[in-house]
Amino acid sequence: MSAAPLLRVDGLDVGFGGTPVVQDVSLYIGRGECLALVGESGSGKSVTARALLGLAGRGSRVAVRTLDFDGTNLSGAGQRAWRRLRGSRIGLVLQDALVSLDPLRTVGREIDDALRLHTALSPAERAAKVAGLLESMGLAAADAGRRAGELSGGMRQRALIAAAMALDPDLLIADEPTTALDAEAQAQVLDLLAGLRAGGSSLLLISHDLAVVSAVADRVAIMRGGRILEQGPTDQVLTSPEHEYTRMLLRAVPAGRPRGTRLSAPTGRSDARPHAPDAKLLDSSPSIGGPVLEARNLVRAFPVPGGGILHAADDVSLRVEAGRTLGLVGASGSGKSTTARILLGLDVPASGTVKLFGEPWVPLPEASRRPRRTRLGAIYQDPLSSFDPRRRVGAILADALAAATTGGAPEGAHDPAGLLQLVGLEPALAGRHPSTLSGGQRQRVAIARALAPGPRVLICDEPVSALDVSVQAQILDLLDDLQARLGLGYLFISHDLAVVRHVSDRLAVMRDGRIVESGPTEQVFAEPRHEYTRALLAASPTLATDTSD
Amino acid sequence: MGNASTRRAGTLRRRPRAGWLRAGNVLPAVAALTALFLVLAALVPGWLAPADPLAIDPVAAFRGPSGAHWLGTDESGRDIYSRIVHGARPSLLIGAAATALGLGLALLLGLAAGLGGRWLDAGVGRIVEVLLALPGLLLALVFIALAGPGVATTIVAVGLSTAPGYARIIRTQVRALRTSPMIEAARVLGHSPARILARHLLPNALGPVLVLATLGIGQAVVWASALSFLGLGEAPPAPEWGAMLAAGRTYLGFAWWMTFFPGLAIVATAASSTVLGRSLQRRAVGA
C-alpha cells in the first residue's frame, strides 16, 4: 500500500432541488483497502457512491472541496472525463442484478461490452478474457452463453461483478451487492469480494447490514441523514462505537441475541408500547404450549416449464403452539411460502392434512372453513401490496374489523384507533394512505389488520426482510410483546438465520420442500445434525461483538 | 430508497415555468372548459342558445357567420349555433349511454372470463377475439341493418362494438387481482367471496377501465355522429351533429359553415374527452 490513498474525498455536498441529501462527506480509500459505507434507507449512501462516479443524476447539485482519484483532481470534471474513468478505472455493481443485466442479451455479451469499448482486443481474445473472468468469479465459462433470467440470483450477482471487473478497475463500488440474495449466495459473493480485495483491488462497499460489512471491510463509515457520523477501523467501530446511532444499529442486530431480549431502545412514548398483559383475554385461549396449528405430511408439487416437477412441499409436518414461535428457515425456493399458503388455506396440497385447534382445516371446502378463518392471521413481506390501494389506513382496518366475529378483536381494539394503538401507532395515522407511510409503519398497520379479527395464530412470511435493521428490531419487539399479551402462536418464516434464531422457540430447517431438521432453536444452533443446517450456519455472517449494555 | 423521490422532485424543479401555466396543464384546462361547455349545453341548452333550433326563417337562409347568427344559418334559415348547442344533448347522451352499455356488457364478459374456469375463459376469449377482429363501426352498421335505424339502436350498436375492448381489459385486471396479495389478504381475513368481489375486486378492476372510458366517450360520440351522418341515427330536422354534417354536405361549395361548425363540435368533443382521459390516465399511473 502506497502512502497516498487511491481515492480521497473532502467536503462532498449533493443536493436535489435545494434539498441537501449528502452533506460534508469526507472519506478516503487506500489501495487494496475496503471501506464500507453503512446506513439505512435514505441516509445518502447510494447518492454518495453515485457522486463518486459522476453519476449523481439529473437535477443534482454536486459540490466538493477535494475529489482526488489516483493523483488526478476530479472536482468539476466533465462528462467526457468521467466516461473514461467509469468502467476502466472505477467499476460499479448494483443491488439487483436482474434489472442491471439486459434480459435479452447473454451474460457474455454484457461483459464483452466493456472490453469492446475500452480495449483493442480481438474478438477471440475478448472471448477468452470473458471466459477467464467468469471462471474467476466461480462461474462456468459456458455461462457466457446464458441470459440473466436463466441464472440464479447469486450467479447473476457474480456475473455482474465479472462485468464490473472486466477492465480490472482500481476501485470497485458495490451498492448493496448481497441484499437481494439468500444466505448461501450472499456468502459466495462476500467471499468473492474479499478475494478481489486480497488481489489488490480497492473496494467501496455500500450496505445497510453491519454483519455483511464486518466480514469484508477494513474500515467502516456510518452514515445517517446525509452525514458521516463516525468512521474508523471495522473492529473499533463495531466494538467500541462512539456515536449513539452506531450503538443503536449494533443493538438492533438480532444475531446472537437470545429469545426475549429487546432489540430496540424504548421510545419513551407511553402509547408506543402495547398495554399491559390482559389476563381476561387469555382465559379463552389454549394454554401456552398447546398445539393450535398442526400440519401432517403435506405434499405439493408444481410442474416446471420444460418438463419436470418442483417439489415445493414434500412430506412437510409441523406444529405451531399457543404463545410460542416456530421458526421456518430456508433458502429462497425451498418451499417455505408454499407451506405457508397451504396452512392459510390458499393452496391445496396433493395430500396431507392441517388441523386448526384440533379440527380439520385442510383439505376442506372453503365455505365450511371460512367461519373459522378469524382464528388464523397472516402478515407478509410486502405489506403495501396486501393493502387495497384505494383505501386509507382507517378504512383498511375497518374492513378487517368487519370480518371479526363478536368478541373477536383484542380488548380495547374494537375500532381502527384502538388497533393502531395496539401496534404502537398514533390513531391519527388512520387518515393516511399506506403509500405515504414508512416501511415500518406499513408493517405495523399490516399487523394491526391481521389482529383485527382476533386470531390465535399468525403466519408471518418474511415480515422483516424488507426493513432497515433498526425498524426490523422494533417490529420484532412488537411481535414479541403482542405474543406475550395475546398468547399468539407464530409461524415465523424467514431466510435470515439470525432473525429466526432471535424470535423462535423451535426451529424447522427447510430445503427443496423437505424439513431436514427441526428442534428447539438453541439445540439446532448448538448441535446441527443435518449437513445442510451446518452449511446454512456457516454461510450466515455474524457480528462478533459484545455490545451488551 | 428515499433517493428516488428526492431525485424526481429535483427534475421537476429543473424546468422553471410560471406557476400552473405549463404545457402539461394548459391542454387539460382548455379541454376541461370545452367539456364544461358541452355538458352545460346538454343540460341547459336554453341558457347558452335562447333561440329555437327548429325555427325556420327562409329569408335568412344560407347566411354566413354574423352578429345576428354567430355561426351562420342553414338552408331553412335555422340558426347553426343554436342547433349545435341543442345537438349536444343527443350526441353526448348517445356517447355516454353507449359507453355505459359497453362497460356493463364488458363487465359481465370480463368477470366471467376472469373469475370462471379455464373453459369459460377460453370461450369468452374467443368471442371477444371475433368481435375485436371486426371493425367497430362495421359491427354497429350490421346491428343497425338488422334492428333498424333510430337513437336506441344507435346506442346499442355503438355500445356493442366498444364492449370487446373493455371486456379484455377487465378480464386481465380481474385475473391479475384474483391472485394478488391484496385479495389473498382479504380471503385470509375471512371475508365472503361476495364482499371481496364487491369491495375489493370490482373497484380495483374498474379503476383503469373508467379512465379508459373517458377516452371512449369521445370515440362513441364520433361513431354516433357517423351513424347519423349515414342517416341511421337521429333523423332530421332534429338538431344532431352528424345529421347536420350530412345536410350541409350538399351546400359545401358555398355554405362551408353548415358543415364546418358541426364538424368542429364533434372534433372538440372527441379531443376534449381524449385529453381529459389521458391526463386522468397519467394521474392514475403517477399515483
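Provided above is the structure to which this section pertains.
Attention here is on the structure that accompanies the text. (Residues numbered from 1 in each chain as written. Chains lettered and ligands numbered in written order. Predicted model: local features only at pLDDT ≥ 70, side-chain atom pairs only at ≥ 80, totals over all residues. Heavy atoms only, no water.)

1. Comments concerning the overall build of chain A
Stage number 1. The number of helices and strands found in chain A is 20 helices and 21 strands.
Stage number 2. At 25 Å, chain A has a C-alpha radius of gyration in line with the 24 Å of a compact globule built from 549 residues.
Stage number 3. Overall, chain A is about 75 × 55 × 45 Å in size when its C-alpha atoms are taken along their principal axes.
Stage number 4. Counting the 549 residues in chain A, one finds 53% classified as buried.
Stage number 5. Look at the contacts in chain A between residues 6 or more apart in sequence, and 69% of them connect residues 24 or more apart.
Stage number 6. Of the accessible surface of chain A, which amounts to about 22,200 Å², a share of 51% is contributed by carbon and sulfur atoms.
Stage number 7. Between the averaged position of the 60 positive side-chain charges in chain A and that of its 60 negative side-chain charges there is a distance of 5 Å. (Helix = DSSP H or I, 4+ residues; strand = E, 2+ residues; numbered from the N terminus. Rg over C-alpha atoms; globule rule 2.2 N^0.38 Å. Buried < 20%, exposed > 50% of the residue type's maximum accessible area, 1.4 Å probe, protein only. Contact = heavy atoms within 4.5 Å. Areas by Shrake-Rupley, 256 points an atom, 1.4 Å probe, with all protein chains shown as cover. Lys, Arg positive; Asp, Glu negative; His and termini not counted. Charge placed at Lys NZ, Arg CZ, Asp CG, Glu CD.)

2. So, the overall build of chain B
Stage number 1. Check the secondary structure of chain B and you find eleven helices and zero strands.
Stage number 2. N-terminal to C-terminal, the α/β element order of chain B is α-α-α-α-α-α-α-α-α-α-α.
Stage number 3. Seen through its principal axes, chain B has C-alpha atoms that stretch 75 × 55 × 30 Å.
Stage number 4. Taking all 287 residues of chain B together, the buried fraction comes to 44%.
Stage number 5. Across chain B, the fraction of contacts at a sequence separation of at least 24, relative to all contacts at a separation of at least 6, is 69%.

3. Remarks on the packing of helix α7 (residues 183–198) of chain A against helix α20 (residues 531–539) of chain A
All names here are of chain A.
Stage number 1. Contact pair α7 / α20: the axes reach a minimum separation of 8 Å and the direction vectors enclose 50°. With respect to α20, the axis of α7 lies oblique. Handedness of the crossing formed by α7 with α20: left-handed. Of α20, the residues touching α7 (which contributes A183, E184 and A187) are Y532, L536 and A539.
Stage number 2. By residue class, the composition of the contact of α7 with α20 is five nonpolar, no polar and one charged. (Axes fitted to C-alpha atoms, helices over the stretch in contact; angles between N-to-C directions. Parallel < 35°, antiparallel > 145°, perpendicular 65-115°, else oblique. Left-handed = near helix turned anticlockwise from the far one by under 90°. Nonpolar A, V, L, I, M, F, W, Y, C, P; charged D, E, K, R; others polar.)

4. Things to note about helix α6 (residues 136–147) of chain B
All names here are of chain B.
Stage number 1. Taking 1.5 Å of rise per residue, twelve residues should cover 16 Å, and α6 covers 16 Å from first to last C-alpha, within 8% of that figure.
Stage number 2. Where α6 is concerned, the buried positions are G136, L139, A140 and I144. End-on, the buried residues of α6 take up no more than an arc of 135°, which puts them together on one face. Of the residues in α6, the exposed ones pointing more than 90 degrees away from the buried face are A145 and L146. (Expected span 1.5 Å × (residues − 1). Arc of directions from axis to C-beta.)

5. Here's the deal with the nonpolar core
Stage number 1. A:I111, A:I161, A:L172, A:L210, A:I447, A:L482 and A:F492 are the most contacted members of the largest nonpolar core, which totals 108 residues.
Stage number 2. There are two domains that each give this core at least three residues, and those are domain 1 (32–42 + 84–222 + 229–251) and domain 2 (291–364 + 456–468 + 485–540) of chain A. (Core = buried A, V, L, I, M, F, W, Y, C linked by side-chain atoms within 4.5 Å. Domains from an automatic or database assignment.)

6. A few points about the sheet that holds strand β17 (residues 376–379) of chain A
All names here are of chain A.
Stage number 1. Sheet architecture is open: six strands sit in the order β17-β18-β19-β14-β20-β21, paired in mixed fashion. The open sheet has two edge strands with one neighbour each: β17 and β21 (514–520). Taking the axes of each pair of neighbouring strands and ignoring which way they run, one obtains an average angle of 15° across the sheet.
Stage number 2. Alignment of strand β18 (residues 457–461) against strand β19 (residues 489–494), held across five bridges, turns out to be parallel. (Pairing = 2+ DSSP bridges.)

7. Structural notes on the pattern of salt bridges
Residues and elements named next belong to chain A.
Stage number 1. A full pass over the atoms with the stated rule returns 41 salt bridges over all chains.
Stage number 2. Close ionic contact of R89 with D70 constitutes a salt bridge, the shortest N to O distance being 2.6 Å. One end of the pair, R89, is in the loop between α2 (79–85) and β7 (90–93); the other, D70, is in the loop between β5 (66–69) and β6 (72–73), and 19 residues separate them in sequence.
Stage number 3. Since its relative accessible area comes to 29%, D70 is described here as partly exposed.
Stage number 4. Linked by salt bridges that have partners in common, R105, E110, D112, D113, R116 and R126 make up one network. (Salt bridge = Lys/Arg side-chain N within 4 Å of Asp/Glu carboxyl O.)

8. Some thoughts on the pairing of strand β9 (residues 202–207) of chain A
All names here are of chain A.
Stage number 1. Taking burial as the measure, the six residues of β9 include six buried ones, the bulk of the element.
Stage number 2. On β9, burial covers both faces: S202, L204 and I206 on one face and L203, L205 and S207 on the other are all buried.
Stage number 3. Summarising the sheet, strand β3 (residues 34–38) and β9 pair through five bridges and their orientation is parallel. Paired with A36 across the bridge in β9 is L205.
Stage number 4. For strand β8 (residues 171–175) and β9, the ladder comprises five bridges, and the chain directions are parallel. Directly across from L171, in β9, lies its bridge partner S202.
Stage number 5. Regarding topology, α7 serves as the crossover connection from β8 to the parallel β9, and that connection is right-handed. (Right-handed = clockwise from strand over helix to strand, strands pointing away.)

9. Observations concerning unusual backbone geometry
Residues and elements named next belong to chain A.
Stage number 1. Note the cis peptide between V362 and P363, where omega equals -5°.
Stage number 2. The topology assignment puts P363 in the loop between β16 (359–362) and α13 (366–369).
Stage number 3. Phi at D315 takes a positive value of approximately 60°, unusual for a residue other than glycine.
Stage number 4. With respect to the helices and strands, D315 occurs in strand β13 (residues 309–321).
Stage number 5. D315 gets classed as partly exposed once you look at its relative accessible area, which sits at 39%.
Stage number 6. Even without being glycine, F357 reaches a positive phi, approximately 50°.

10. Thoughts on a nonpolar patch on the surface
All names here are of chain B.
Stage number 1. Where nonpolar side chains cluster on the molecular surface, the patch consists of L33, L36, L40 and W47 and spans about 480 Å² of accessible area.
Stage number 2. Along the chain, L36 falls in helix α2 (residues 23–43).
Stage number 3. Relative accessible area serves as the criterion here: at 51%, L36 is assigned to the exposed category. (Patch = residues over 30% accessible without salt bridge, like charges linked within 9 Å, V, L, I, M, F, W, Y side chains within 5 Å.)

11. Quick word on the interface of chain B and chain A
Stage number 1. Of the residues lining the interface, 25 residues belong to chain B; the matching set on chain A comes to 36 residues.
Stage number 2. Of the roughly 2,700 Å² buried between chain B and chain A on both sides combined, carbon and sulfur atoms contribute 56%.
Stage number 3. Applying the counting rule to chain B against chain A returns two salt bridges.
Stage number 4. Linking B:E184 and A:R341 is a salt bridge whose minimum nitrogen-to-oxygen distance equals 2.6 Å.
Stage number 5. Elements represented by at least two residues in the side of chain B that touches chain A include exactly α1 (2–14), α8 (181–189) and α9 (193–229) of chain B.
Stage number 6. Ranked by the residues each element gives to the side of chain B that touches chain A, the list is headed by α1(B), at eight residues.
Stage number 7. Of the residues in the side of chain B that touches chain A, the class split is eight nonpolar, ten polar and seven charged. (Buried area = accessible area lost by both parts, 1.4 Å probe.)

12. Overview of the sheet that holds strand β10 (residues 219–224) of chain A
Backbone-to-backbone hydrogen bonds pair the strands of a sheet. The strands run either parallel or antiparallel.
Residues and elements named next belong to chain A.
Stage number 1. One open sheet accounts for six strands, arranged β7-β8-β9-β3-β10-β11; its pairing is mixed. Strand pairing shows two members of the sheet lacking a second neighbour, β7 and β11 (227–233), which therefore form its edges. Between one strand axis and the next, the sheet turns by 15° as a mean value, whatever way the strands run.
Stage number 2. Running over the sheet, helix α6 (residues 153–165) touches β7 and β8 and is turned about 165° from β7.

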